[in-house]
Amino acid sequence: MLPPRRLHTLLKQAVELQRERCLYHNTKLDGGLDGGLDSVSLLLDHSCSRKQFPCYTQQILTEHCNEVWFCKFSNNGTKLATGSKDTTVIVWQVNMETQQLKQIRTLEGHAYGVSYLTWSPDDTYLIACGPDDCSELWLWNVQTGELRTKMSQSHEDSLTCVAWNPDGKRFVTGGQRGQFYQCDLDGNLLDSWEGVRVQCLGCLSDGRTVLASDTHQRIRGYNFEDLTDRNIVQEDHPIMSFTVSKNGSLALLNVATQGVHLWDLQDRVLVRKYQGVTQGFYTIHSCFGGHNEDFIASGSEDHKVYIWHRRSELPIAELTGHTRTVNCVSWNPTLPELLASASDDGTVRIWGPVPFLDVEEAEGFGNASLNSNCCRMD
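Residues numbered from 1 in each chain as written. Predicted model: local features only at pLDDT ≥ 70, side-chain atom pairs only at ≥ 80, totals over all residues. Heavy atoms only, no water.

A.B. asks: Sorry, what's going on with the pattern of salt bridges here?
C.D. replies: A side chain with one charge can pair with a side chain of the opposite charge if their charged atoms come near. Per the stated rule, a full pass over the model turns up seven salt bridges. For Asp 186, the salt bridge goes to Arg 148, with nearest N and O atoms at 3.2 Å. One end of the pair, Asp 186, is in the loop between strand E12 (180–184) and strand E13 (189–192); the other, Arg 148, is in strand E9 (residues 146–151), and 38 residues separate them in sequence. Since its relative accessible area comes to 45%, Asp 186 is described here as partly exposed. Taking relative accessible area as the criterion, Arg 148 reaches 37% and is therefore assigned partly exposed. Measuring nitrogen to oxygen at the nearest pair gives 3.1 Å for the salt bridge that ties Lys 304 to Glu 318. With Lys 304 in the loop between strand E23 (295–298) and strand E24 (305–309) and Glu 318 in strand E25 (residues 317–319), this residue pair connects regions lying 14 residues apart in the sequence. For Lys 304, a relative accessible area of 23% corresponds to the partly exposed category. The class of Glu 318 is buried, set by a relative accessible area of 9%. (Salt bridge = Lys/Arg side-chain N within 4 Å of Asp/Glu carboxyl O. Helix = DSSP H or I, 4+ residues; strand = E, 2+ residues; numbered from the N terminus. Buried < 20%, exposed > 50% of the residue type's maximum accessible area, 1.4 Å probe, protein only.)

The following block contains the structure:
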């Protein structure tokens, strides 16, 4: 007979394996396993219901009066920022118990519209950027609503993307006119990299490496300390946007005419191409999310939100409800069952688990559709 500790280890591994194979598992491991073996059974396959998954419209935010280009939850999950063609940023408070959102602040004056937003690591500040013809960047104190910095190097610049250094005291910004800056919180130029036409930016947790996608259909890593750069990702089509996983090992790319691609940044290899999404030359922002970032979501030009399990190329859910292109999605980092999407239809949809309805009612609520292939494991 196996010793109890060995039996406990094997049982835990078996349960974890079942949960890894469950396409909808979106919670931490249950405490019952650590509390004793009596509460765990392998006689039944582990299976999570999609009713606990963010497939259902919980709330529609209609306060913007034009296309909504971007949305982003704060790092602690308590707020959502949305940016629009209507020249405003709206900050929403997330009720962590009811999961309802309430407008708490409007940040105005972005003449070109707001196409990109990023929260500082401690969620004190929010940076807003405009579209291709915008040479200005706004750094807001979210707590007070005060504009700390309005930055513009020159009217010939294009400051359309930005990323925070992990120390929260610096950020990098640039655009498609060949400039790439590192700045402090007051907008003072610390360093610059000339001749790089930047489409999207990201900073790795080492505090030194900046990732930049450029017009050569690649992502390169730049080190401002020793002034070195290297090629990390090479695609055959333009990279419209990318985002990096929390641990810095993976990058999720929206590639023109190709859709959503997953890259391993350490091995520099393409891991997976996700199917279903319609991606032309619009800038669409996808995201990692859910428990342990096991899931991927993306907007699409066919008006849908697509969700995949990270291991499966086929979507496990297609969320309908928007009536125009879905430009951006953001998964709440502390509430894995909450997802936001921003669309050209002027609305932001908040997706969550099914409300307290029976199964028949749940099937029709919020227009969440599943493909016949959605439960297939690769």
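A.B. asks: Help me understand the packing of aromatic side chains in this model?
C.D. replies: The geometry of an aromatic ring pair comes down to the distance between the two centres and the angle between the two planes. According to the stated counting rule, one finds 11 aromatic pairs in the structure shown. Pairing Phe 70 with Tyr 116 gives two aromatic rings, centres 4.7 Å apart and planes at 50 degrees, and the pair type is tilted. With Phe 70 in strand E2 (residues 68–73) and Tyr 116 in strand E6 (residues 116–119), this residue pair connects regions lying 46 residues apart in the sequence. Phe 70 sits in the buried class, given a relative accessible area of 4%. Measuring from centroid to centroid gives 5.3 Å for Phe 180 and Tyr 222, while their planes differ by 80 degrees, and the two rings are edge-to-face. Taken as a pair, Phe 180 in strand E12 and Tyr 222 in strand E16 (residues 218–223) lie far apart in primary sequence, 42 residues in all. Phe 180 sits in the buried class, given a relative accessible area of 0%. On the basis of relative accessible area, Tyr 222 is assigned to the buried category, the value being 2%. Put simply, the rings of Phe 180, Trp 193, Tyr 222 and Phe 224 pair up and form one aromatic cluster. (Phe/Tyr/Trp six-rings, centres within 6.5 Å; stacked < 30°, edge-to-face > 60°.)

A.B. asks: Help me out: how do you make sense of the sheet that holds strand E8 (residues 137–141) in this one?
C.D. replies: Note: strands within a sheet are paired through backbone hydrogen bonds, in either parallel or antiparallel orientation. Ordered by their spatial adjacency, four strands build an open sheet running E6-E7-E8-E9, and the pairing between neighbours is antiparallel. On the outer flanks of this sheet lie E6 and E9, each paired with one strand and no other. Pairwise comparison of adjacent strand axes, ignoring direction, gives a mean angle of 20 degrees for this sheet. Pairing between E8 and E9: five bridges, direction antiparallel. Among the inter-strand pairings, Asn 141 is bridged to a residue of E9, identified as Glu 146. (Pairing = 2+ DSSP bridges. Axes fitted to C-alpha atoms, helices over the stretch in contact; angles between N-to-C directions.)

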